[in-house]
Amino acid sequence: MTMEAPVSFGAGGGEPYARALRTDGRLRLTDTSRPGSAVTLDVGRWSAAADRVDRSLLDGVDGPVIDIGCGPGRMLVAARTLGIPALGVDVSADAVAIAQRSGGTALQGSVFDEVPDEGHWDTALVIDGNIGIGGDPAALLARCAEIVRVGGRIVVETHVDRSADRVYTARVVDADGHQSEGFPWAEVGVDALLDHAESVGLVARQSWTASGRTFCELVA
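An account of the accompanying structure is given in this report. (Residues numbered from 1 in each chain as written. Predicted model: local features only at pLDDT ≥ 70, side-chain atom pairs only at ≥ 80, totals over all residues. Heavy atoms only, no water.)

### So, the overall build of the protein chain
Rules: Helix numbering and strand numbering both begin at the N terminus, where a helix is a DSSP run of H or I of at least 4 residues and a strand a DSSP run of E of at least 2. Radius of gyration: C-alpha atoms only; globule rule: 2.2 Å multiplied by the number of residues to the exponent 0.38. Remark: exposure states derive from per-residue accessible area (1.4 Å probe, protein chains only) relative to the maximum for the residue type, with buried under 20%, exposed over 50%, and partly exposed in between. We call two residues contacting when some pair of their heavy atoms lies within 4.5 Å. Charge counting follows a simple rule: Lys and Arg are positive, Asp and Glu are negative, and His as well as the terminal groups are ignored. Here the site of a charge means atom NZ of a Lys, CZ of an Arg, CG of an Asp or CD of a Glu.
What the protein chain contains, in helices and strands, is 7 helices and 11 strands. For a compact globule of 220 residues, the expected C-alpha radius of gyration is about 17 Å, and the protein chain comes in at 16 Å, within 12% of that figure. Here the C-alpha coordinates of the protein chain stretch approximately 45 × 45 × 35 Å along the principal axes. Residues counted as buried form 49% of the 220 residues belonging to the protein chain. Expressed as a percentage of contacts within the protein chain between residues at least 6 apart in sequence, the contacts between residues at least 24 apart total 62%. Both charge centroids of the protein chain, one from 19 positive and one from 31 negative side chains, sit 6 Å from each other.

Here's what the structure looks like:
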């Protein structure tokens, strides 16, 4: 019997993320166990050009970059402008198509599937809340450690609440009320991220906040 892959953020042809990408709209990320709770996701920002904070994540990069959950590809375009080889991976066919039209190199698929040049990437970006992918932060970090080279960097954007550490079943809902199926997701603040990183053998190099966004750099 063939097992179906679990639903994930951005998967499914007509689901809300695809609609929002086409309209630069907003989405709400909801917790199915807490009716009324929602986080607003600004898809328009993901579709816009990389801003100063985004570009700063590429400072000091001295090798190829892989963007996990690349969305419509703003980081791929920014890397290309700087002459940095970059690849994006995203489960959303719509996001990948937009990234490719923008001049980025992106492929549709899951980070948990084999990716090109595994073990040789200098830097993996896990930003825009993508540490939540799969609802298992430690597993995602361990997978990123397999993808980057020995001594490679994993740059993670964490939840604004540094103590956040929650796994739940989420849905995304668009402005017209269309909603996705439930999928596993996580919210991870920097304190919890450090614990997850240590559990899979990653070393924290630094953490910082810029324009209200918090990041942590891990080394494989």
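### Details of the layout of surface pockets
The following threshold applies: Buriedness of a pocket was judged along seven lines, with at least five required to meet protein on both sides within 12 Å; pockets are open sets of points on a 1 Å grid over the protein atoms alone, cavities are sets where a 1.4 Å probe fits but cannot get out, and lining residues have an atom within 4 Å of a point. Grid points are joined across faces, edges and corners, and a volume is the space filled by probe spheres set on the points. Three residue categories are used. Nonpolar comprises Ala, Val, Leu, Ile, Met, Phe, Trp, Tyr, Cys and Pro, charged comprises Asp, Glu, Lys and Arg, and polar comprises the others, including Gly.
Estimates place the volume of the second largest pocket at around 180 Å³. Along the wall of the second largest pocket there are 15 residues; nearest its centre are Ala48, Ala49, Ala50, Arg74 and Val77. Where the lining of the second largest pocket is concerned, the elements lending two or more residues are helix H2 (43–47) and helix H4 (74–81). Examining the composition of the lining of the second largest pocket, we find that 4 residues originate from one element, H4, more than from any other. Its residues assigned to classes, the lining of the second largest pocket comprises 9 nonpolar, 4 polar and 2 charged.

### Section: the packing of aromatic side chains
How we decide: Stacked, edge-to-face and tilted are the three classes for Phe, Tyr and Trp ring pairs, Trp counted by its six-membered ring, which pair at centre distances within 6.5 Å; planes under 30 degrees apart are stacked, over 60 edge-to-face, the rest tilted. Whether a charge sits over a ring depends on NZ of Lys or CZ of Arg being within 6 Å of the ring centre and within 35 degrees of the ring normal.
Scanning the model with the defined rule gives 3 aromatic pairs in all. Relative to phenylalanine 215, the ring of tryptophan 208 has its centre 5.6 Å away and its plane inclined at 25°; by these criteria the two rings are stacked. What makes tryptophan 208 partly exposed here is its relative accessible area of 26%. Taking the relative accessible area as the measure of exposure, phenylalanine 215 reaches 0% and is therefore buried. Above the plane of the ring of tyrosine 168 lies arginine 166, whose end atom (NZ or CZ) is 4.2 Å from the centre.

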